[in-house]
Amino acid sequence: MAEDHVDVLIVGAGPAGLMLATWLAKCGVKARIVDKRGTKIFNGQADGLQCRTLEILDSFGIGHRAWRESNHMLEICLWNPDSNGVIHRSSRLPDTIPGISRFQQVVLHQGRIERFFLDAINEFSNGGISVERGVLPESLEIDQSCVEDPDAYPITVNLRHLSEEDATPKQSSTMSNGSSAQDGLFRSNLMADDTADLLKTSELNQKANTTETIKAKYMVGADGAHSWVRKEIGLKLEGESTDYIWGVLDIVPITDFPDIRSRCAVHSANSGSIMVIPRENKLVRLYIQLTTTSKIQGQDSRTDRSWITPKVILESAQRILSPYKLDYRKLDWWTAYQIGQRVGSSFGVHDRVFLAGDAVHTHSPKAGQGMNVSMQDAYNLGWKLSSVIKGHSNRSILKTYEFERKAIAHALIEFDHKFSRLFSGRPAKDIMDEEGISMDEFRDAFQKGNLFASGIAVDYGRSLIVTKPATENGAGEATAATTSTPVTGIQDLAPGLKVGQRIPSVKVLNQSDARPWHLQERLPSNGTWRLLVIPGDVSQPAQKPRLEKLCSQLSSPESFLKRFTPNTARYDSVIEVITIHGAPRQSVDVFDFPEVLRPFHEVDGWDYEKIFVDDQSYHEGHGEFYKTFNIRRDEGCLVILRPDQYISYVGKLDDYESADRFFSEFMLPQNNLTLPKV
Ligand code: FAD
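So, how was this worked out
- Residues numbered from 1 in each chain as written.
- Predicted model: local features only at pLDDT ≥ 70, side-chain atom pairs only at ≥ 80, totals over all residues.
- Heavy atoms only, no water.
- Helix = DSSP H or I, 4+ residues; strand = E, 2+ residues; numbered from the N terminus.
- Buried < 20%, exposed > 50% of the residue type's maximum accessible area, 1.4 Å probe, protein only.
- Contact = heavy atoms within 4.5 Å.
- Areas by Shrake-Rupley, 256 points an atom, 1.4 Å probe, with all protein chains shown as cover.
- Salt bridge = Lys/Arg side-chain N within 4 Å of Asp/Glu carboxyl O.
- Pairing = 2+ DSSP bridges.
- Polar contact = N/O pair within 3.5 Å; in protein donor to acceptor, adjacent residues only side chain to side chain.
- Phe/Tyr/Trp six-rings, centres within 6.5 Å; stacked < 30°, edge-to-face > 60°.
- pLDDT = per-residue confidence, 0-100.
- Expected span 1.5 Å × (residues − 1).
- Arc of directions from axis to C-beta.
- Core = buried A, V, L, I, M, F, W, Y, C linked by side-chain atoms within 4.5 Å.
- Axes fitted to C-alpha atoms, helices over the stretch in contact; angles between N-to-C directions.

1. Points about the overall build of the chain
So, step 1. A tally of regular secondary structure across the chain gives 15 helices and 29 strands.
So, step 2. Buried positions account for 59% of the 678 residues belonging to the chain.
So, step 3. Across the chain, every contact between residues at least 6 apart in sequence was considered, and the portion connecting residues at least 24 apart equals 75%.
So, step 4. Carbon and sulfur atoms make up 48% of the accessible area of the chain, which totals about 27,000 Å².

Below, the structure is given as structure tokens:
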């Protein structure tokens, strides 16, 4: 039997698996990604990209494709019944809270997003990684005796190659108007898991029945809600499956409803609620709670779905939107969806096999979170795995994956639970109607929920890579090894740059050529840590010596910059130093700054891309970096950013020692240097 050795085996090529493969490709890790399906998806399924997800896609250089092709959702209109029970528009709100990101929520179907990832994976890996379709894992063994050995391959997986026929999902659309459209039922959680069937069919097909053994250092189950990997490692999703069933219809609507091109949440008096999502190419997605729940009475889990057709979904929508008219000629996709709010008991085993995305949390689709949170799981995990595999970090950072993402999954379920109740409930007739939902309460929850839904509010708890004071532990502390006296920075030096959160972006100018950049554009996802040197106004006599002192320590052969970067690698490949100063741009020159801030490369010469200034640009205004983040120009600070743009540390400008201790906690010396005592 054929045998292959890989660093990471990814099972599942949905949004989570593809995000992970993108990271690994970018960082040069040897990975394989397999999916039991014969094709990517072409339309339908998840559609909303939240602003944090767009920031992440942009950090891989694919954000612009999503931004350009998608429909931009700028407004949400809330509709509810008036005193006569007739729906009317009660509020118009911005769909994304203004100012939280340089992006706003957009909508584009999952198939296109998967396409962007596939192209990026191909480009980053020079064709070395591509999704292997029609491939199913059929056995998994973990050799527990060597899980702590960083060089070992403790995972053995047998893969079975399916025939094209076995790997092609069966379509089962029942069209109301003669047109043929793809349905999403083959991936719906209303369907029984078909993995066993696929394996059986494949067994019969001798031609396709080739198998292969993979030895892997790590494995990630990104294989969706039915996750085979999760079952193999003996983990479960915990939580309750509610009885709400949602119909989803992607149509080009013909309607006199005036807000059809805005996102709308419509509560009708007695016919349920609908979420309207305007999409690309004149499409509109309708999410409808199908209130006809009699078919699920007495059943444990899966519902008989034969009664759910596009016609049933459309008729529900027509009742909710009445007296407005709604019909369509073009149906692009439809599905039916049962809300199950569940989280994995654990996110992996032995810090060797991990779960990400729907494999470890499921919830309702209406807040547009599924695809986003799934990708963000993988975004959290990818750089950590790469760093360990490449020998830059020890395995302790892997523990922070579950610690950080499990808290997010629980917050998501809590949010979804609250939002589901408010969205699906009947509107209150008046203030005495205690069973009904208050529309004011709905609007308030909606606005608050918007920040959570954007992904911007993620705030990771204290761990060895998030140096919050012990009082801000949040959901608990990652049990990874910590120093006897853990590094704690001084958050007050930059109150607007919150440790644990992603760094917000404003414009800064390149000192050398005056070009304005969004700060986040200078922080691409390539596996590199960043040390932001924020020296304040270096034209003032007090600040310059402090900067020089720091730079002389950074330039020493024993500095953490040198110790943790292999001699053979570029100076900025493990930790990149970026300076953002606060002196007037024209009062200083790039060569006024110490060399470590603008390093010299044998071939490329001086690096002019590392020193930035907070000043007025010629054409794009003033980013106000210092003012926005409340950093004093006569004080400055040092900030450490993780490879995923989250803030690890804020401390004094000249406190080199704390930064050194921070990195020394988990990074591995590369060049056989004797470690200094810090
Ligand atoms: P998935 O997208 O489910 O991808 C898992 C992948 O693993 C699939 O490609 C599958 O073929 C593969 N796989 C599974 N088992 C195996 C195996 N044993 N071996 C190899 N490969 C395997 N979210 C929204 O935000 N809005 C929506 O409108 C919306 N609609 C949805 C409709 C349906 C029918 C479904 C199922 C989900 C919907 N979601 C929606 C949720 C959203 O699609 C998911 O949250 C998101 O796709 C999760 O990404 P993932 O990569 O974790 O899993």
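This is not the end of the story, as more comes after the structure.
2. Remarks on the pattern of salt bridges
So, step 1. Inspection of the entire model under this criterion finds 43 salt bridges.
So, step 2. Across the pair R279 and E280 runs a salt bridge whose closest N-O atoms are separated by 3.1 Å. Across the pair, E280 and R279 agree in class, each one buried.
So, step 3. Between K384 and E404 there is a salt bridge, with the nearest N and O atoms lying 2.9 Å from each other. With K384 in helix α9 (residues 370–389) and E404 in helix α10 (residues 399–424), this residue pair connects regions lying 20 residues apart in the sequence.
So, step 4. Bridged by salt links that share partners, the residues R530, R570, D572, E576, D604, D607 and K610 form one connected network.

3. Describing the pairing of strand β15 (residues 273–278)
Both faces of the sheet carry side chains from a regular strand, because those side chains alternate between them.
So, step 1. With six of six residues buried, β15 lies mostly within the body of the structure.
So, step 2. Burial along β15 is two-sided: S273, M275 and I277 facing one way and I274, V276 and P278 facing the other are all buried.
So, step 3. As consecutive antiparallel partners, strand β14 (residues 263–267) and β15 are separated by five residues, and within that stretch G272 has a phi angle of approximately 95°, a positive value.
So, step 4. Pairing of β15 with strand β16 (residues 284–290) involves five bridges; the strand directions are antiparallel. Its bridge partner lying in β16, M275 is registered against Y287.
So, step 5. Between β15 and β16, which pair antiparallel one after the other, the connecting turn spans five residues, and N281 there sits at a positive phi close to 55°.

4. Description of the side chain of Q543
So, step 1. Here Q543 lies in helix α12 (residues 543–555).
So, step 2. One polar contact links the side chain of Q543 to the main-chain carbonyl oxygen of E635, over a distance of 3.2 Å.
So, step 3. Apart from the residues lying within four places of it in its own chain, the contact partners of Q543 are P535, G536, D537, V538, R633, D634, E635, G636 and L653.

5. Some words on the sheet that holds strand β7 (residues 106–107)
So, step 1. Here we have three strands laid out as an open sheet, ordered β3-β7-β4, and antiparallel in their pairing. The sheet terminates laterally at β3 (48–49) and β4 (71–72), the two strands that pair on one side only.
So, step 2. Relative to β7, β3 runs antiparallel, the two being bridged by two bridges. Within β7, the residue paired with L49 across the bridge is V106.

6. Quick word on the packing of aromatic side chains
So, step 1. Enumeration according to the criterion identifies 24 aromatic pairs in this entry.
So, step 2. Centre to centre, the rings of W67 and F103 are 5.2 Å apart; their planes meet at 75°, and the pair counts as edge-to-face. Separated by 36 residues along the polypeptide, W67 in helix α3 (residues 63–69) and F103 in the loop between β6 (87–94) and β7 bring together distant segments of the chain.
So, step 3. Using a relative accessible area of 26% as the deciding quantity, one classes W67 as partly exposed.
So, step 4. Since its relative accessible area comes to 7%, F103 is described here as buried.

7. Concerning the confidence of the model for the chain
So, step 1. With 85% of its residues at a pLDDT of 70 or more, the chain shows a mean pLDDT of 87.
So, step 2. Confidence drops under pLDDT 50 across residues 172–179; counting only partners more than four residues distant or on other chains, this segment forms 20 contacts.

8. Examining unusual backbone geometry
So, step 1. Cis geometry marks the peptide bond from S322 to P323; its omega dihedral reads 15°.
So, step 2. Considering the arrangement of structural elements, one finds P323 in the loop between α8 (310–321) and β17 (326–344).
So, step 3. One non-glycine residue, N126, lies in the positive phi region at around 50°.
So, step 4. Mapping N126 onto the fold places it in the loop between α4 (110–124) and β8 (131–133).
So, step 5. The phi dihedral of A514 is positive, around 70°, even though this residue is not glycine.

9. Some remarks on the side chain of N380
So, step 1. Among the structural elements, N380 can be located in helix α9.
So, step 2. When sequence neighbours within four positions are dropped, the list of residues in contact with N380 reads Y401, E404, R405, Y460, R642 and D644.

10. With respect to the environment of Q105
So, step 1. Along the chain, Q105 falls in the loop between β6 and β7.
So, step 2. Overall, Q105 belongs to the buried group, its relative accessible area being 6%.
So, step 3. Counting along the chain gives 33 residues from Q105 to H72, while the straight-line C-alpha distance between them is 6.5 Å.
So, step 4. Discounting residues that sit within four places of it in the chain, Q105 has contacts with G48, L49, Q50, H72, M73, D95, T96 and R263.
So, step 5. Reaching out from Q105, the side chain makes a polar contact with the side chain of Q50 at a distance of 3.4 Å.

11. Considering α8
Owing to its 3.6 residues per turn, the α-helix aligns residues three or four sequence positions apart on the same side.
So, step 1. Over its 12 residues, α8 extends 16 Å from the first C-alpha to the last, a length consistent with the 16 Å expected when each residue adds 1.5 Å.
So, step 2. Among the residues of α8, those classed as buried are P310, I313, L314, S316, A317, I320 and L321. Within α8, the buried residues cover an arc of 160° as seen down the axis, which keeps them to one side.

12. Notes on the environment of R230
So, step 1. Residue placement: R230 occurs in helix α7 (residues 228–232).
So, step 2. In the structure, R230 is positioned 114 residues away from G344 in sequence and 8.7 Å away in space, judged by C-alpha atoms.
So, step 3. Every residue in contact with R230, bar those within four places of it in the chain, is listed here: G224, A225, L235, K236, L237, L355, D358 and A359.

13. What to know about the nonpolar core
So, step 1. One finds V8, M219, W529, F560 and F663 to be the most contacted residues of the largest nonpolar core, which totals 113 residues.
So, step 2. The next biggest cluster of nonpolar side chains, apart from the first, holds 33 residues, and it includes V373, F415, V466 and L532.

14. Description of the sheet that holds strand β21 (residues 507–510)
So, step 1. Within the open sheet, the seven strands sit side by side as β22-β21-β27-β24-β23-β28-β29. Their pairing is mixed. Across the chains shown, the open sheet's two edge strands, defined by having one partner strand only, are β22 (516–518) and β29 (647–651). Taken over all neighbouring pairs, the strand axes of this sheet differ in orientation by 30° on average, direction set aside.
So, step 2. Across the sheet, α12 lies against β23 (529–536) and β28 (637–641), angled at about 155° from β23, the strand it touches most.

15. Comments concerning the environment of G348
So, step 1. On the secondary structure map, G348 appears in strand β18 (residues 348–349).
So, step 2. Classification of G348 by relative accessible area gives buried; the value is 16%.
So, step 3. When residues no more than four places from it in sequence are discounted, the contact partners of G348 are I233, L235, V353, F354 and E402.

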